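# Overview (structure and organization)
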Amino acid sequence: MDLPRAEEMNYWKTSRTSPSTWIDRAKDQIKDIGGTVVAEAFGREEAADRAAYMLAFRIHSEDFKVVWPVLPSDDERAARRQAATMLYRDVKQRCISAQVLGARQAFFAYWVLPDGRTASQVSGPELLEVVPRLLGGRALSDGK
């Protein structure tokens with residue numbers, strides 16, 4: 001998937017708050033609903049010219065992992081700030097939803113499956129095989 005340019009998206013140069021502050025705010029949202037942050041990271045793949053923030057956390061014995069890309073831009077500093085802001089806003093909204101709908105439903109795309117991939121990283125057919133077994137049922141391919 002081709003990412004949009006940072007300048008074309010919300011939160012472009014709307015703040016002077018550092019990315020680390022936005023990440024800390026996201027972590028606070030997770031902690032406020034009873035979650036535990038397990039890891040945080042910023043990574044950059046020079047050869048591919050891409051970067052991302054990552055938060056891994058646990059809520060009620062379920063693991064989740066958010067990987068948020070830094071969008072392409074000629075102003076990487078502003079793009080990093082924008083990415084951290086977007087990650088925070090996404091986590092905040094999902095934390096609100098989690099209090100009503102439950103963590104798994106609110107953070108479903110970020111739910112970490114037994115093989116280490118998130119639900120959003122697997123194909124539809126794979127998901128239909130894995131999720132029922134995780135929930136104590138049978139996969140559709142089991143024939144019943």
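Residues numbered from 1 in each chain as written. Predicted model: local features only at pLDDT ≥ 70, side-chain atom pairs only at ≥ 80, totals over all residues. Heavy atoms only, no water.

### Focus: the overall build of the chain
Per the secondary structure count, the chain includes four helices and three strands. Taken from N to C terminus, the helices and strands of the chain fall in the order α-β-β-β-α-α-α. With 144 residues in all, the chain has 38% of them scored as buried. Across the chain, every contact between residues at least 6 apart in sequence was considered, and the portion connecting residues at least 24 apart equals 48%. When the accessible area of the chain is evaluated, it comes to approximately 8600 Å², of which 49% is carbon and sulfur surface. (Helix = DSSP H or I, 4+ residues; strand = E, 2+ residues; numbered from the N terminus. Buried < 20%, exposed > 50% of the residue type's maximum accessible area, 1.4 Å probe, protein only. Contact = heavy atoms within 4.5 Å. Areas by Shrake-Rupley, 256 points an atom, 1.4 Å probe, with all protein chains shown as cover.)

### Thoughts on the packing of aromatic side chains
Aromatic ring pairs are defined here through the distance separating the ring centres and the angle between the ring planes. Counted by the stated rule, this structure contains six aromatic pairs. Residues Phe 57 and Phe 64 carry aromatic rings whose centres are separated by 5.6 Å and whose planes lie at 25 degrees to one another, so their mutual orientation is stacked. Note on accessibility: Phe 57 and Phe 64 belong to one class, buried. Taking 5.2 Å as the distance between ring centres and 70 degrees as the angle between the ring planes, the aromatic pair formed by Phe 57 and Phe 107 counts as edge-to-face. With Phe 57 in strand 2 (residues 50-59) and Phe 107 in the loop between helix 3 (103-106) and helix 4 (124-134), this residue pair connects regions lying 50 residues apart in the sequence. What makes Phe 57 buried here is its relative accessible area of 1%. Using a relative accessible area of 0% as the deciding quantity, one classes Phe 107 as buried. Each member of the aromatic cluster is reached from another via a ring pair, and the members are Phe 57, Phe 64 and Phe 107. (Phe/Tyr/Trp six-rings, centres within 6.5 Å; stacked < 30°, edge-to-face > 60°.)

### Thoughts on the pairing of strand 3 (residues 62-70)
The alternating pattern of strand 3 places Glu 62, Phe 64, Val 66, Trp 68 and Val 70 on a buried face and Asp 63, Lys 65, Val 67 and Pro 69 on a face that is not buried. For strand 2 and strand 3, the ladder comprises nine bridges, and the chain directions are antiparallel. Among the inter-strand pairings, Ala 51 is bridged to a residue of strand 3, identified as Val 70. Between the end of strand 2 and the start of strand 3, which pair antiparallel, lie two residues, with His 60 showing a positive phi angle near 50 degrees. (Pairing = 2+ DSSP bridges.)

### Focus on the sheet that holds strand 1 (residues 36-45)
Spatial strand order, 1-2-3: three strands in an open sheet with antiparallel pairing. This sheet does not close on itself; its edge strands, each paired only once, are strand 1 and strand 3. Between one strand axis and the next, the sheet turns through 15 degrees on average, direction left out of account. Direction of pairing for strand 1 relative to strand 2: antiparallel, over a ladder of nine bridges. In the sheet register, Ala 41 faces strand 2, and the bridge partner there is Met 54. (Axes fitted to C-alpha atoms, helices over the stretch in contact; angles between N-to-C directions.)

### Brief notes about the pattern of salt bridges
A side chain with one charge can pair with a side chain of the opposite charge if their charged atoms come near. Under the definition given, this model contains 14 salt bridges. The residue Glu 7 makes a salt bridge to Arg 5 at a minimum N-O spacing of 3.7 Å. Put simply, Asp 24 and Lys 27 hold a salt bridge, and the shortest N to O gap is 3.6 Å. With Asp 24 and Lys 27 both in helix 1 (residues 19-32) and three residues apart, this pair spans about one turn of that helix. Of the residues examined, Asp 24 reaches a relative accessible area of 37% and is grouped as partly exposed. Linked through salt bridges whose partners overlap, the residues forming this network are Arg 44, Glu 46, Asp 49, Glu 76 and Arg 80. (Salt bridge = Lys/Arg side-chain N within 4 Å of Asp/Glu carboxyl O.)

### Focus: the side chain of Thr 118
Of note, Thr 118 is situated in the loop between helix 3 and helix 4. Not counting residues within four places of it along the chain, the set of residues in contact with Thr 118 comprises Lys 65, Ala 109, Tyr 110, Trp 111, Val 112 and Leu 113.

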